[in-house]
Amino acid sequence: MSNEWPLWEIFIRGQHGMSHRHVGSLHAADAEHAMKNARDVYTRRNEGVSIWVVEAEKITASSPSAKGPMYDPSRGKVYRHPTFYDIPDDVGKM
Amino acid sequence: MDHLFEFLLRQGDNALVLGHRTSEWCGVAPALEEDIALANTALDLIGQTQLWLGYAAEVEGKGRSANDLAYLRDVYDFRNALMLEVPNNDFGRTLMRQFLFDAFQVPWLTALSASSDERVAGIAAKSLKEATYHLERSSETVIALGDGTDESNRRMQDALDYLWPYAGELFGQDATDQAMQDAGVAPVPASMRSVWDTQIEQTLSAACLSRPDTSFAHSGGCNGSRHTEHLGHMLAVMQTLQRSYPGAVW
C-alpha cells in the first residue's frame, strides 16, 4: 500500500476567463481535501473564481507515440479554416 | 488602565502569537500542500495582527506603531491566551490548537462585527472570512486524523488532552471584558462558551476523540500576569532582528 495521497489535476477559471484552465497538480486524500489544497496552493494571489479538481488517474490521455496517426492527417488541410470568406463590413467585429 | 487598548492588545497578540507559531512550519510541514496551507494561515493571522495592533497603537496615542508593539514589547506586556504560545510539538497538536481557537474565533468575530466601535467591527468582518475558512480546514483535518489510523488517533487525543486545560482561558470575564460589554464594543468572551461547546462536541465525536473530563483552566496570558516559559523563547526568535538592528527596515 502506498503512503502517498493520490494525485489530482487542478483547473481554475480566472477573474475574466470564460473557461477553466489546467494550472497544475497536487496530492490530496480525497476530493474535498483536493479542493482546499487547490485553494491554498493555486489561488493565493487572487487568481481564481472557480476550481475544478479531477483525480489524475480518471483522465484518459492520448499517447505521445500515436502522434503521427492522431495529428498528422489534419496538416495541410487549409480549407478547414474559415479564412476564405470576405466578411461584410456591417457584420462588425467577429 | 485603558480598557480599549487592553482589549485590542488581546485580539492582536492572539493573532500574532498563533501566526508566528504557525509560520514555524514553513518549509518543514509533512506535505507540500499542508506547508503552503499553514503558511497561508500564518499570513492571514499576521495580517489581522497589523490591523488590531495598528488600531491599538492609535488608541494608546504614544506614537508607537503596530511594529513597535509586535517587536519591542517583552513577555509581560503580551496579552495572548496561553494556549497559543505553547510549542507546536507535532502536526496533530498544531491543527488541534488551530481548531480549538478557530471554533472560538468564528462566533467571536461574528459578534465583534456588530461592535459599537466601527474600527473593531471592520477588522472583525474582514478577519471573519479568513477564520471561517481556517475552521473548515482545521475541523476537517481534526476529523481526518482523529478518525484515521491508530497512531493518528492517539496523537490527536494526546494533543487534545494537552491543550484542553489551556482552552478555558479563551472564555474570560474580567474588568476589561466587562468594560467592553458595557461600552457595546464586545460581548464578554465567556458568553461564547455554549456555541463553542456545541462545535467542539460535533467535531470531536466525528473524529472519534473524547473530550477530557476536567474543567480546570490555566490563566494568566490574557492579562499578562503569568505566561508560560515558552513565550520568551518564541519572542527571542521573533524579535531578534529588531533587537539586534533597532529600526531596521526593508
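Chemist: Whenever I open this one, the pairing of strand β1 (residues 7–14) of chain A confuses me. Can you help?
Modeler: Remark: a regular strand shows side chains that alternate across the two faces of the sheet. All names here are of chain A. Relative to strand β2 (residues 21–27), β1 runs antiparallel, the two sharing 6 bridges. When the bridges of β2 are listed, W8 appears paired with L26. In sequence, β1 turns back onto β2 through a hairpin of 6 residues. Looking at chain direction, β1 and strand β3 (residues 48–55) are connected through 7 bridges and run antiparallel. Residue pairing across strands places W8 opposite E55, the latter belonging to β3.

Chemist: In this structure, what is going on with the packing of aromatic side chains? I would like to understand it.
Modeler: For any pair of aromatic rings, the description rests on two quantities: the centre-to-centre distance and the angle between the ring planes. All names here are of chain B. Scanning all chains against the criterion turns up 7 aromatic pairs over all chains. Summarising the aromatic geometry, the rings of W25 and F91 are spaced 6.0 Å apart at their centres and angled 85° between planes, so their arrangement reads as edge-to-face. Residue W25 is found in the loop between α1 (3–23) and α2 (32–60), and its partner F91 is found in helix α4 (residues 91–112); the two are separated by 66 residues along the sequence. Summarising the aromatic geometry, the rings of F171 and W196 are spaced 5.0 Å apart at their centres and angled 65° between planes, so their arrangement reads as edge-to-face. With F171 in the loop between α6 (150–167) and α7 (175–182) and W196 in helix α8 (residues 193–206), this pair connects stretches of sequence that are 25 residues apart. W196 matches F171 in its accessibility class, with the two residues each being buried.

Conventions used here
- Residues numbered from 1 in each chain as written.
- Chains lettered and ligands numbered in written order.
- Predicted model: local features only at pLDDT ≥ 70, side-chain atom pairs only at ≥ 80, totals over all residues.
- Heavy atoms only, no water.
- Pairing = 2+ DSSP bridges.
- Helix = DSSP H or I, 4+ residues; strand = E, 2+ residues; numbered from the N terminus.
- Phe/Tyr/Trp six-rings, centres within 6.5 Å; stacked < 30°, edge-to-face > 60°.
- Buried < 20%, exposed > 50% of the residue type's maximum accessible area, 1.4 Å probe, protein only.

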